[in-house]
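# Descriptive analysis of the structure
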Amino acid sequence: MICREKKQVAAYLTLQVIRTLKYTYNKITRLSSGEFLKTYIESRVLENARYIVEHNCTVRECAKKMGTSKSTVHKDVSQRIWGIDRGLALAVRKVLNKNKSERHIRGGMATKRKKALLSNSKAK
């Protein structure tokens, strides 16, 4: 009998926690641009932006680390961030501009590595 009561109490508490989390998850924040943004999106935007600035990485690397798509990360750090934190948005923009200016160099290095791998495999 005691075991059943403990399970019922645990189920009740779990339900209360889920209701609380659901409310928090769907809470809406108003941006300075007049748009509304759910808090989980806002926290994801800030997390993506901070990761890019701290690790000086590309959108692709951030997306891989965070487990989201590149287009989601790009929209977060190029559009949504401006309504949340302008200072962080400027820092992210700096990193993205640097990455864009180095893009052709990274592409050339990747091609060079690929050719070296192909020539090594043919030599064997």
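Refer to the preceding data block for the structure.
Residues numbered from 1 in each chain as written. Predicted model: local features only at pLDDT ≥ 70, side-chain atom pairs only at ≥ 80, totals over all residues. Heavy atoms only, no water.

### Details of the pattern of salt bridges
For clarity, the threshold we go by: When a carboxyl oxygen of Asp or Glu is within 4 Å of a side-chain nitrogen of Lys or Arg, the pair counts as a salt bridge. Here a helix means four or more residues in a row that DSSP labels H or I, a strand means two or more in a row labelled E, and each is numbered from the N terminus. With a 1.4 Å probe rolled over the protein chains alone, any residue whose accessible area is under 20% of its type maximum counts as buried; one over 50% counts as exposed, and the rest are partly exposed.
By the definition in use, this model includes three salt bridges. Residue Lys98 is joined to Glu102 by a salt bridge in which the shortest nitrogen-to-oxygen separation is 3.5 Å. One end of the pair, Lys98, and the other, Glu102, are both in helix α5 (residues 86-123), four residues apart, so they sit about a helical turn from each other. Given a relative accessible area of 30%, Lys98 falls into the partly exposed group. It is possible to trace a salt-bridge network through shared partners that takes in Arg44, Asp76 and Arg80.

### Description of the packing of helix α3 (residues 59-66) against helix α4 (residues 70-78)
Our working rule: Only the stretch in contact is used when a helix axis is fitted, and all axes are lines through C-alpha atoms; the angle between N-to-C directions ranges over 0 to 180 degrees. Oblique is the label for any angle not under 35 degrees, not over 145, and not in the 65 to 115 range, which are roughly parallel, roughly antiparallel and roughly perpendicular in turn. Take the far helix as your reference; a near helix turned counterclockwise from it by less than a right angle gives a left-handed crossing, and one turned clockwise gives a right-handed crossing. By the convention used here, residues are in contact when the closest approach between their heavy atoms is within 4.5 Å. Nonpolar residues are Ala, Val, Leu, Ile, Met, Phe, Trp, Tyr, Cys and Pro. Charged residues are Asp, Glu, Lys and Arg, and all others, Gly as well, are polar.
For the pair α3 and α4, the least separation of the axes is 8 Å and the interaxial angle reads 115°. One element, α3, and the other, α4, form an angle in the roughly perpendicular class. Between α3 and α4 lies a crossing whose hand is right-handed. Where α3 abuts α4, its residues Val59, Arg60, Cys62 and Ala63 lie against Lys70, Val73 and His74. Its residues assigned to classes, the contact of α3 with α4 comprises four nonpolar, one polar and two charged.

### Some thoughts on the nonpolar core
Keep this limit in mind: Residues belong to one nonpolar core when they are buried, are Ala, Val, Leu, Ile, Met, Phe, Trp, Tyr or Cys, and are joined through side-chain atoms within 4.5 Å.
Core analysis: the biggest nonpolar cluster contains 18 residues, and Ala49, Ile52, Cys62, Val73, Val77, Ile81 and Val92 have the highest contact counts within it. Sorting the residues of this core by element identifies α2 (39-55), α3, α4 and α5 as the ones contributing at least two each. For this core, the leading source of residues is α2, giving six residues. With near-sequence residues (within four places) excluded, Ile52 lies in contact with Cys57, Cys62, Val73, Val77, Val92 and Val95.

### As for α2
Note the threshold: Under the convention used throughout, the expected extent of a helix is 1.5 Å for every residue step, that is, one less than its residue count.
Here α2 contains 17 residues, and its C-alpha end-to-end distance of 24 Å stays within 8% of the 24 Å for a straight helix at 1.5 Å per residue. Among all positions in α2, only Ile41, Glu42, Val45, Leu46, Asn48, Ala49, Tyr51 and Ile52 are buried. Looking one or two residues beyond α2, the residue adopting positive phi is Asn56, at roughly 55°.

Don't take any of this as a statement about function, it's just geometry.
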